[in-house]
Amino acid sequence: MRTRVVVTGMGCISAAGNNIDEFYETVFSSKTSNSIAPITSFDCQNLSTKIAAEVKNYQASAHFTPKELKQLDRFAQFALLASQEAIDDANITFNDATAKRTGVIHGTSIGGQATIEHSYQQFHLEGKTRAHPFTVPKLLPSAATSQIAMRYGIKGPSFCTSSACSSSGHAIAMATMMIRSNMIDTAIVGGAEACITQGNFYAWDSLRVLASDTCRPFSADRGGLVIGEGAGTLVLESLKSANQRGAKIYAEVTGIGMSSDAHNIVQPLCEGAELAMNLALQDASFSPDEVQYLNAHGSGTIQNDQTETQAIHRVFNEYAQRLKISSTKSSHGHVLGAGSVIESIATLIALQKQQVPPTKNFTTIDAACDLDYTVNKFINTPIQHAMCNSFAFGGLNVSLIFSAI
Amino acid sequence: MENKISTIVDILSEYTSTPITEQSFQESFDTLNIDSLALVEIIFDLEEQFDISIPNESELTAKGFNFTCINDIVDLVESLVTKKAL
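Note that the coordinates shown come from a computational prediction; the quantities given were computed from them, not determined experimentally.

Trainee: Could you give an account of the overall build of chain B, with specific residues and numbers?
Mentor: Helix and strand counts for chain B come out as 4 helices and 0 strands. Listing the helices and strands of chain B from first to last along the sequence gives α-α-α-α. Taken over the C-alpha trace, chain B has a radius of gyration of 12 Å; the compact-globule value for 86 residues is 12 Å, and the two agree within 12%. Looking at the 86 residues of chain B, the share that counts as buried comes to 41%. Of the accessible surface of chain B, which amounts to about 5100 Å², a share of 49% is contributed by carbon and sulfur atoms. Separation between the mean location of the 4 positive side-chain charges and that of the 17 negative ones in chain B comes to 13 Å.

Trainee: Got a sec to walk through helix 9 (residues 198-207) of chain A? Specific residues and values, please.
Mentor: Residues and elements named next belong to chain A. Among all positions in helix 9, only Asn 200, Phe 201, Trp 204 and Asp 205 are buried. One side of helix 9 holds all its buried residues, which, seen down the axis, span an arc of 140°. Away from its buried face, by an angle of more than 90 degrees, helix 9 presents the exposed residues Tyr 202 and Ser 206. Check the buried side of helix 9 and you find it contacts strand 3 (51-52) and helix 5 (113-125). Positive phi appears at Arg 208, one or two residues downstream of helix 9, with a value of about 55°.

Trainee: Explain the nonpolar core residue by residue, including any values.
Mentor: Residue and element names in this part refer to chain A. Judged by nonpolar contacts, the single largest core of 44 residues is most densely connected at Val 7, Met 10, Phe 23, Leu 234, Leu 236 and Phe 402. A total of 8 residues in this core trace back to one element, the largest contributor, which is helix 14 (residues 339-353). Counting 32 residues, the second largest nonpolar core, distinct from the first, contains Ala 60, Ala 86, Ala 90 and Ile 92.

Trainee: Any details on helix 1 (residues 20-27) of chain A? Residues and values, ideally.
Mentor: Residue and element names in this part refer to chain A. The complete set of buried residues in helix 1 reads Ile 20, Phe 23, Tyr 24, Thr 26 and Val 27. Where helix 1 is buried, its residues touch strand 1 (5-14), helix 3 (74-90), helix 13 (329-332), helix 14 and strand 10 (355-356). The backbone nitrogen of Asp 21 has a side-chain oxygen 3.2 Å away, supplied by the residue at the start of helix 1, namely Asn 19.

Trainee: Describe the pattern of salt bridges, naming the residues involved and giving the relevant values.
Mentor: Here the idea is simple: oppositely charged side chains can pair when their charged atoms come close. With the rule as written, the count across this model stands at 24 salt bridges over all chains. Between Arg130(A) and Glu47(B) there is a salt bridge whose closest N-O contact spans 3.0 Å. Of the two residues, Arg130(A) is situated in the loop between helix 5 and helix 6 (135-139) and Glu47(B) in helix 2 (residues 36-50); the pairing between them involves two chains. In terms of burial, Arg130(A) and Glu47(B) fall into one category: buried. Across the pair Arg314(A) and Glu271(A) runs a salt bridge, and its minimum N-O distance is 3.5 Å. Here Glu271(A) lies in helix 11 (residues 270-284) and Arg314(A) lies in helix 12 (residues 302-316), a separation of 43 residues in the sequence.

Trainee: Quick rundown of the sheet that holds strand 9 (residues 324-326) of chain A? Include the residues and the values.
Mentor: All names here are of chain A. Spatial ordering of the open sheet is given by 4-5-6-1-7-13-12-8-9, a layout of 9 strands whose pairing is mixed. The open sheet terminates on both sides in strands that have one partner only, identified here as strand 4 (102-107) and strand 9. Across this sheet, the average inter-strand angle for adjacent strands is 25°, counted without regard to direction. Note: strand 8 (residues 293-295) against strand 9, 3 bridges, orientation parallel. Residue pairing for strand 9: Tyr 293 is matched across the bridge by Lys 324.

Trainee: I'd like to hear about the pairing of strand 5 (residues 186-193) of chain A, residue by residue, with values.
Mentor: Residue and element names in this part refer to chain A. Summarising burial for strand 5: 8 of the 8 residues are buried, a large majority. Both faces of strand 5 are covered, namely the face carrying Thr 186, Ile 188, Gly 190 and Ala 192 and the face carrying Ala 187, Val 189, Gly 191 and Glu 193. In this sheet, strand 5 lies alongside strand 4 in parallel orientation, the contact comprising 6 bridges. Residue pairing for strand 5: Ile 105 is matched across the bridge by Val 189. Across 8 bridges, the pairing between strand 5 and strand 6 (residues 230-238) is antiparallel.

Trainee: Account for a nonpolar patch on the surface, naming residues and giving values.
Mentor: All names here are of chain A. Taken together, the side chains of Leu 207, Ile 265 and Val 266 make up a nonpolar region of the molecular surface, amounting to roughly 270 Å² of accessible area. Looking at the secondary structure, you find Ile 265 in the loop between strand 7 (251-260) and helix 11. Since its relative accessible area comes to 66%, Ile 265 is described here as exposed.

Reading guide: rules and limits
- Residues numbered from 1 in each chain as written.
- Chains lettered and ligands numbered in written order.
- Predicted model: local features only at pLDDT ≥ 70, side-chain atom pairs only at ≥ 80, totals over all residues.
- Heavy atoms only, no water.
- Helix = DSSP H or I, 4+ residues; strand = E, 2+ residues; numbered from the N terminus.
- Rg over C-alpha atoms; globule rule 2.2 N^0.38 Å.
- Buried < 20%, exposed > 50% of the residue type's maximum accessible area, 1.4 Å probe, protein only.
- Areas by Shrake-Rupley, 256 points an atom, 1.4 Å probe, with all protein chains shown as cover.
- Lys, Arg positive; Asp, Glu negative; His and termini not counted.
- Charge placed at Lys NZ, Arg CZ, Asp CG, Glu CD.
- Arc of directions from axis to C-beta.
- Contact = heavy atoms within 4.5 Å.
- Core = buried A, V, L, I, M, F, W, Y, C linked by side-chain atoms within 4.5 Å.
- Polar contact = N/O pair within 3.5 Å; in protein donor to acceptor, adjacent residues only side chain to side chain.
- Salt bridge = Lys/Arg side-chain N within 4 Å of Asp/Glu carboxyl O.
- Pairing = 2+ DSSP bridges.
- Axes fitted to C-alpha atoms, helices over the stretch in contact; angles between N-to-C directions.
- Patch = residues over 30% accessible without salt bridge, like charges linked within 9 Å, V, L, I, M, F, W, Y side chains within 5 Å.

This is how it looks when you write it as structure tokens:
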């Protein structure tokens, strides 16, 4: 029998709250939140997009010393805060032996974007001739992984996953496989992103996929996606390890499915999404009707929402109409490399509370999106198994299944 | 000169928990618990503070400068600042 993998700790920081409790209050409430709001971190006068899901009430100096901040881009700060909450939550400590049987796998789509832009601004605009020596170690996409490993003395296999909006989903999948294969017993997994910056929005603007008002997944009047920032971390460990230390268990990772569209660098393909969901079900040995809740990728672009709906129909067949679905991006925005883990956390809370979080900001039915998206109001319902989808630009797909234990 | 020394000591103090005394000026950076990474940061801070450009180690050696203790830093900064003023 294969090694069972469970979640024993959760931590997150996002526009929807700076910890798990705040995240639950925001994401599972039926009230409209102010998490998606006008951009405050830079002047967006010359850009079409003027909204984002920024982390609120955040002062880096409240969490890190000036010396630490020299080495920490904003994305790595978020990664460390989410990891601290998750590791505290799991009540886990590491000794020489367990540190070597633990890995850190933390994803990001971009990495230290603010550091890159700050450095380029100094060089190109301000005529400076020298960058701070920590510019390179700060901007590396793997910087957050290293910072987490250093802080907790974790010495097992550790690396960064980068697959755009599926980055942290791949991190969870990789860690699950590594625990199943007995390579490690415990993993600190997740993702972080902090790219609400002028240069990044300048680039995103040109893709014409960003919403101008808010994020309305599956709603006919959707305007596109809303970029968010933040981080999420899970502590994954073998069931044996969790039981041995008497850990509280949130859920089991029962299914992982990964696929590639091999189709287009931005347009999603139904078959790719369908394959990822089917592989996750197959990995879990579940029939589709055993899944009660699906946290959709639900980015709020017409291409994703309609393609994902079609893929859900193909995977779940007639049961699709009874499946509870929602996109929590309507609360926390599209957190890119951290999206999959933050949405996994929403899925795990759904299992814990037996509640489906709502797809907020929904106004108008789209004929091509004809499923139950749990619009605007959360519902209480029994959930034993729940799926979480992440479909990235370039067709890199991950579906995860979490099960109550 | 006094001001420069005091600024140099301020910069170095950020990177060592060892109190900087008169004797420290001849002690190796190792003795002051300043590692090579901290030294890279110190060089950056000195360049920023005095608006000078500190050459890399091989160039320094070729020009007859050492870079092993605080006295070396003081000599180097003094030389580079004077050169800039000329």
